[in-house]
Amino acid sequence: LNPLFNIVELPVNISFTKSKFYNEIVQLTRKLIHMNSFPNIDSKVIYEYLLPNSQPLVNSRPNVNWKKSWKNLNFKYVNIYVRDIVFKFFHEIITTRSRLFQIKKIESPLCLICDSMETRIHMFVECRKVKYVFQYFKDMLNKICKMQITDSNKILHLDFKGNKRQVNTAVIMVTTYIGCIWYSRSSIKCIEAQDFKTNIIKQNHMLHLILKDNIIKYFTEEFCKVTENM
Ligand SMILES: [Zn+2]
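Residues numbered from 1 in each chain as written. Predicted model: local features only at pLDDT ≥ 70, side-chain atom pairs only at ≥ 80, totals over all residues. Heavy atoms only, no water.

1. Details of a nonpolar patch on the surface
Inference 1: Together, Phe21, Ile25 and Leu50 make up an exposed nonpolar region whose accessible area comes to about 300 Å².
Inference 2: Inspection of the secondary structure assignment puts Leu50 in helix 2 (residues 43–50).
Inference 3: The class of Leu50 is partly exposed, set by a relative accessible area of 41%. (Patch = residues over 30% accessible without salt bridge, like charges linked within 9 Å, V, L, I, M, F, W, Y side chains within 5 Å. Areas by Shrake-Rupley, 256 points an atom, 1.4 Å probe, with all protein chains shown as cover. Salt bridge = Lys/Arg side-chain N within 4 Å of Asp/Glu carboxyl O. Helix = DSSP H or I, 4+ residues; strand = E, 2+ residues; numbered from the N terminus. Buried < 20%, exposed > 50% of the residue type's maximum accessible area, 1.4 Å probe, protein only.)

2. Some details on the packing of helix 4 (residues 80–90) against helix 9 (residues 164–183)
Inference 1: One way to put it is that helix 4 packs onto helix 9 with a least axis distance of 9 Å and a crossing angle of 85°. As summarised for this structure, helix 4 and helix 9 are arranged roughly perpendicular, according to the angle between their axes. Contacts between helix 4 and helix 9 pair Tyr81, Val82, Ile85, Val86 and Phe89 from the former with Thr175, Thr176, Ile178, Gly179, Trp182 and Tyr183 from the latter.
Inference 2: Split by residue class, the contact of helix 4 with helix 9 holds 8 nonpolar, 3 polar and no charged. (Axes fitted to C-alpha atoms, helices over the stretch in contact; angles between N-to-C directions. Parallel < 35°, antiparallel > 145°, perpendicular 65-115°, else oblique. Contact = heavy atoms within 4.5 Å. Nonpolar A, V, L, I, M, F, W, Y, C, P; charged D, E, K, R; others polar.)

3. Remarks on the pattern of salt bridges
Inference 1: Applying the stated criterion across every chain yields a total of 6 salt bridges.
Inference 2: Here Lys146 makes a salt bridge to Glu222, at a shortest N to O gap of 3.2 Å. Pair noted here: Lys146 is in the loop between helix 7 (131–145) and helix 8 (152–156) and Glu222 is in helix 12 (residues 221–224), with a separation of 76 residues, a long-range link.
Inference 3: Note that Lys225 and Glu221 form a salt bridge whose closest N and O atoms lie 3.8 Å from each other.
Inference 4: The network of salt bridges with common partners includes Arg61, Glu92 and Arg120.

4. Details of the packing of aromatic side chains
Inference 1: Tallying each qualifying case throughout the model produces 16 aromatic pairs.
Inference 2: When the ring of Phe75 is compared with that of Tyr77, the centres are 5.6 Å apart and the planes differ by 80°; the resulting orientation is edge-to-face.
Inference 3: We classify Phe75 as buried; its relative accessible area is 12%.
Inference 4: Look at Tyr77 and you get buried, because its relative accessible area is 14%.
Inference 5: When the ring of Phe137 is compared with that of Tyr177, the centres are 4.3 Å apart and the planes differ by 15°; the resulting orientation is stacked. Here Phe137 is found in helix 7, whereas its partner Tyr177 is found in helix 9, with 40 residues between them in sequence. (Phe/Tyr/Trp six-rings, centres within 6.5 Å; stacked < 30°, edge-to-face > 60°.)

5. Details of the coordination of the zinc ion
Inference 1: Within the protein, Cys111 (SG), Cys114 (SG), His122 (NE2) and Cys127 (SG) serve as the donor atoms for the zinc ion, at 2.1 to 2.3 Å.
Inference 2: Summarised as a motif, the one-chain spacing of the donors to the zinc ion is C-x2-C-x7-H-x4-C. You'll find His122 and Cys127 in the same group, each marked buried. (Donors = N, O, S within 2.8 Å, 3.2 Å for Na, K, Ca; no water.)

6. Some thoughts on the side chain of Arg120
Inference 1: Mapped onto the secondary structure, Arg120 falls in helix 6 (residues 120–126).
Inference 2: The class of Arg120 is buried, set by a relative accessible area of 13%.
Inference 3: A polar contact is formed between the side chain of Arg120 and the side chain of His157, at a distance of 3.3 Å.
Inference 4: If near-sequence neighbours (up to four positions away) are discounted, Arg120 is found in contact with Phe89, Phe90, Glu92, Ile94, Thr96 and His157. (Polar contact = N/O pair within 3.5 Å; in protein donor to acceptor, adjacent residues only side chain to side chain.)

So, to be careful, I would describe these as geometric facts and stop short of saying anything about function.
Here it is, written out as structure tokens:
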């Protein structure tokens, strides 16, 4: 007896409310059994059925070119831990106080330092705690990628204009910035420009090690020459 095909004959106390993954497999099998070639179905057909045909919810938010954002987030030299954080940032599920308040984990959505609502933009751009480091980050982006920040929202969503090397460099700088602020989130002191600089230098060393002389093909000359004394 195969429970997938003989549902009527099953005992009544079987639950069909399982994890999403389990349900999907059941749904998929139910579709596939109606195909003429069943059970000889190749993996390509199954794969096509499995692929999601829906877009992430945030893609409907205006003012950001999401196609660029997702492509840049997948740039292979982005640190994998930081990529995870930026992924959550994009999906608006990063744990800011306003998010925690929304899911009833804390009593107040206000930032502990400035008494404003701690949204994502507050946490990474507007908060008193990041005022100096954000200014330093903007200056550095301007100097190293020749990019002026006009729209912080676009920049934080990796939506840039520029040539390939400028864009690659900006992706590394922005993701490093988001990671740096995120890892210092529990501190109530101002985040120093030096913290961000240290992270950029570490990232830069790593890329030099991986790419050696080819680093210049991927990143701007200014980025390749980043040193402690800049
Ligand atoms: Zn604040």
